[in-house]
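Chain and residue survey
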Amino acid sequence: MILPSKHLNLNTCVLRAASILLLKLQATRVCSYANLRACLDVFGENADIAFGHSLHLLFLLGRIEYRPQTDSIEYIQPESVS
């Protein structure tokens, strides 16, 4: 699903969905789960699947954290290397 192939729809792939979510989170820093999910409405019926996989990818990369108290996702700034 992450690796590109001949039949991969680049408009609805996980990498594109993750980049859309990451741009939204970088702009707002913290976003509610519902508002973040609404960013992927352009994906149509594939939005729910892409949303879940995109959140997993961003979490594994260490770019987001889930805050259960507020039901929100927080963007984690990467540490700069000097």
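For the structure, see preceding data.
Heads up: these notes are all about the structure in this document. Along each chain, residue indices are assigned from 1 in the same order as the chain's sequence is written. The model is predicted, so local features are restricted to residues of pLDDT at least 70 and side-chain atom pairs to those at 80 or more, both for listing and for counting; the totals for chains, interfaces and linings are taken over all residues. The basis for every side-chain value is the complete set of non-hydrogen atoms in the structure, without hydrogens or water.

**With respect to the pattern of salt bridges**
Any carboxyl oxygen of Asp or Glu within 4 Å of a side-chain nitrogen of Lys or Arg constitutes a salt bridge here. Scanning the entire structure with this criterion turns up four salt bridges. Here Glu65 makes a salt bridge to Arg67, at a shortest N to O gap of 3.1 Å. Across the pair Arg67 and Glu74 runs a salt bridge, and its minimum N-O distance is 2.7 Å. What makes Arg67 partly exposed here is its relative accessible area of 29%. Overall, Glu74 belongs to the buried group, its relative accessible area being 18%. Beyond isolated ion pairs, a larger network of salt bridges with shared partners links Arg37, Asp41 and Asp48. Relative accessibility thresholds used throughout: buried, under 20% of the residue-type maximum; exposed, over 50%; partly exposed, between the two (1.4 Å probe, protein chains only).

**Looking at the side chain of Arg37**
In this text, helices come from DSSP runs of H or I with a minimum length of four residues, and strands from runs of E with a minimum of two, each type numbered from the N-terminal end. Along the chain, Arg37 turns up in helix α2 (residues 33-38). Owing to a relative accessible area of 18%, Arg37 belongs among the buried residues under this scheme. Here a polar contact means two N or O atoms within 3.5 Å. Within protein one must be a hydrogen donor candidate and the other an acceptor candidate, and residues neighboring in sequence count only if both atoms are side-chain atoms. Within the structure, Arg37 has its side chain in polar contact with the side chain of Asp48 (distance 2.8 Å). Here, residues are in contact when the closest pair of their heavy atoms is within 4.5 Å. Not counting residues up to four positions away in its chain, the partners in contact with Arg37 are Ala47, Asp48 and Phe51.

Remember, this is a structural readout, not a statement about activity or role.
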